[in-house]
Amino acid sequence: MTGWRVSNRVTGLEGMRNMIVKHALALAISVAASPLLAQPTPIKMSVAADGTGPKIDRNIFGQFAENLGTGIYGGVWVGEDSSIPNVRGMRSDVVSALKALKVPSVRWPGGCFADEYHWRDGVGPRAKRAVTVNGSWGNALEKNDFGTDEFFDFLNQIESEAYISVNMGSGSAKEAADWMAYMTADPGTTAGAERAANGHREPYRVKFLGIGNESWSCGGAYSADYYVDEMKRYARFTRNLNIQQQGTDNPAGGSVAGTDPMQRIAVGPGSLDTAYTEAVMKAWKGHDWSWSIEGLSMHNYTWMSWPPSFSSIDFGEREYAMLIKDTLKMEDMIRVHSAVMDKYDPAKKVPLVIDEWGVWLAKLPGSRDGFLHQQNSIRDAIIASINLNMFTRHADRVRMTVIAQMVNVLQAMILTDGPRMVLTPTYHLFKMYVPFQNATRLPIDFDAGTYSFGDVRVPRIDAIAARGTDGKLWIVLTNVDPSKPAEIDAQIACIRVGAASGTVLTADRVDAINSFDKPDTVAPRPISARVNGGRLQVTLPPKSVTVLSVTP
Ligand code: AHR
């Protein structure tokens, strides 16, 4: 063995973790013993095409659009009078790019901003809306041009679902309930009539409701117990009144079941501290008919240390390796908090919702403080791949995640500059993963090997396999090593491989980016695997992610 063995036949990603300890010894032995060190030996892999595993919920591919910097203003909303082509104020280039990603849900309006957001400021005629200050993010002027109705119009244009975060910091349960009534009540009610007067007669669908955000910090700095008491009130009274979606809730009888209930997501951890996880899950276990939650949030960024100081441009292999290693702490976060959840919820009814993750780097030179504007390189795409692979390995508990963020903020899919738009490596990566939405994870087994730089040692290869809803077998192969290609020799149990082809995302340098002038430096290219005696063989370029579909 020369590295981490990854197998979700038996142990899932635990295999990758557990092997860290064994790895140093094994590597030393193999280095001393192998006369063929210079010759790369193929990495043996086996995929059980006839096996089965949990569903990879498509909500794992959710996104976050906070009222922050140019994430909304300039990035999504340009206004109806803009010279930038738009439909009712939403820029058409961004909408059409996002539509291709099949984004399952969009979290809005924050983040920290959510706990300062008062929904009434953002409804009704735009000329009369309140002008406020975004105290969370750079004290930017917030004209509230993009409010509730614009958000749902945007969702409608990109064909996605709403994940609304209500204000539990500076707001009240009544304000949240009133907002929900505005969004979801029948037009025969006063709240629904106001929505209809603002242009939308039919109730909106609120698929996910976030009850607070980081309430242990920017959302109010509440103790876990105080949060739980408040959360129960919000869970009870912030009602979704859309009858088609939610049904009626009448414990005295006569209730009508809705077909697509909203999921309420409580605040959970943002570190290895389990206080919130314990308090929320303990309360959930003891809940009565009057309230519940259908998700526990967790936030975890790749940032090395706070405040983030690593650059998103012009960096070298050292920074590449260190951030890859920092990404692997996500595994510890999932493991530690899942264990607490298992204690109260062994049947895994409550999903762990990782609703903020991604690479958080230093702001770009010249960009405004508090706007969290960074570039996006092949390193970010590889980190996204490592995270997404990890989520699928925990698909029984991790059934929803939200990358931070969608446009122009943190690890963005898209960057804009006035009328110009560029798709980032992370955008391309997300597009390559579309076939994994709602796919069934399949058992896979391989020796991950090791990539090392200085004192950093991390798994060199990562991979997942799944049966797509299209019936095809799909495989992701991630080569973390920035200099060495990797030979994969895969046996696909129970099918004789006929052909395998797909796309590969790679670049010449670890800091390769797409700029407005050179938008295609990091773009997916076609790749084919060799088929040899029914086995699949493929050469993975250094620092690359390959997605293959396999046909018998
Ligand atoms: O995504 C940026 C910020 O990070 C969010 O507003 C907050 O929830 C987190 O601290």
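Every value quoted in this text rests on a predicted model; they were computed, and no experiment measured them. (Residues numbered from 1 in each chain as written. Predicted model: local features only at pLDDT ≥ 70, side-chain atom pairs only at ≥ 80, totals over all residues. Heavy atoms only, no water.)

## Quick notes on the packing of aromatic side chains
Then, number 1: Per the counting criterion, the structure on display carries 25 aromatic pairs.
Then, number 2: Taking the centre distance of 4.8 Å and the plane angle of 75° together, the rings of Tyr301 and Trp360 count as edge-to-face. With Tyr301 in strand 12 (residues 295-302) and Trp360 in the loop between strand 13 (352-359) and helix 11 (378-393), the pair connects residues that are 59 residues apart, well separated along the chain. A single burial state applies to Tyr301 and to Trp360, both of which are buried.
Then, number 3: Residues Trp306 and Trp360 carry aromatic rings whose centres are separated by 5.1 Å and whose planes lie at 85° to one another, so their mutual orientation is edge-to-face. Placement of Trp306 in the loop between strand 12 and helix 9 (317-327) and of Trp360 in the loop between strand 13 and helix 11 is noted, with a sequence separation of 54 residues between them.
Then, number 4: According to the relative accessible area criterion, Trp360 is buried, its value standing at 11%.
Then, number 5: A network of ring pairs unites the aromatic residues Trp77, Trp108, Phe113, Tyr117, Phe146, Phe151, Phe152, Phe154, Trp179 and Tyr204 as a single cluster.
Then, number 6: Over the ring of Phe64 we find Arg107; its NZ or CZ atom is 4.7 Å from the centre of that ring.
Then, number 7: Here Lys207 stacks its cationic end above the ring of Phe208, 5.2 Å away from the centre of that ring. (Phe/Tyr/Trp six-rings, centres within 6.5 Å; stacked < 30°, edge-to-face > 60°. Helix = DSSP H or I, 4+ residues; strand = E, 2+ residues; numbered from the N terminus. Buried < 20%, exposed > 50% of the residue type's maximum accessible area, 1.4 Å probe, protein only. Lys NZ or Arg CZ within 6 Å of the ring centre and 35° of its normal.)

## Things to note about the domain arrangement of the protein chain
Then, number 1: Domain boundaries in the protein chain define domain 1 (1-31), domain 2 (43-51 + 443-551) and domain 3 (58-437).
Then, number 2: A C-alpha centroid distance of 30 Å is found between domain 2 and domain 3.
Then, number 3: The partner domain 3 presents 41 residues to the 42 residues of domain 2 that form the contact.
Then, number 4: Counting each side, the surface lost to burial between domain 2 and domain 3 is near 3200 Å², with a carbon and sulfur contribution of 71%.
Then, number 5: It is Ile464, Val510 and Phe516 that lose the most area in domain 2 upon contact with domain 3, and together they represent 21% of the buried surface on that side.
Then, number 6: Here domain 2 is connected to domain 3 by 2 salt bridges.
Then, number 7: Residue Asp517 pairs with Arg420 through a salt bridge whose shortest N-O separation is 3.3 Å.
Then, number 8: Counting across the domain 2 and domain 3 interface gives 12 residue pairs in polar contact (both at pLDDT 80 or more).
Then, number 9: Those elements that place two or more of their residues in the side of domain 2 that touches domain 3 are strand 19 (450-453), strand 20 (456-459), strand 21 (461-467), strand 22 (473-479), strand 24 (499-505) and strand 28 (544-551).
Then, number 10: Per element, the largest residue contribution to the side of domain 2 that touches domain 3 is 5 residues, and it comes from strand 22. (Domains from an automatic or database assignment. Contact = heavy atoms within 4.5 Å. Buried area = accessible area lost by both parts, 1.4 Å probe. Salt bridge = Lys/Arg side-chain N within 4 Å of Asp/Glu carboxyl O. Polar contact = N/O pair within 3.5 Å; in protein donor to acceptor, adjacent residues only side chain to side chain.)

## Quick notes on the sheet that holds strand 25 (residues 525-528)
Then, number 1: Taking strand neighbours across the sheet as the criterion, the 6 strands line up as 17-21-22-28-24-25 in an open arrangement whose pairing is antiparallel. Lying at the two open borders of the sheet, with one neighbouring strand each, are strand 17 (440-442) and strand 25. The sheet shows a mean angle of 25° between the axes of neighbouring strands, direction not considered.
Then, number 2: One ladder, built from 4 bridges, connects strand 24 with strand 25; its direction is antiparallel. Across the sheet, residue Thr503 finds its bridge partner in strand 25, namely Pro526.
Then, number 3: Strand contacts of helix 12 (residues 425-432): strand 24 and strand 28, with the helix running at about 160° to strand 24, the strand carrying the most contacts. (Pairing = 2+ DSSP bridges. Axes fitted to C-alpha atoms, helices over the stretch in contact; angles between N-to-C directions.)

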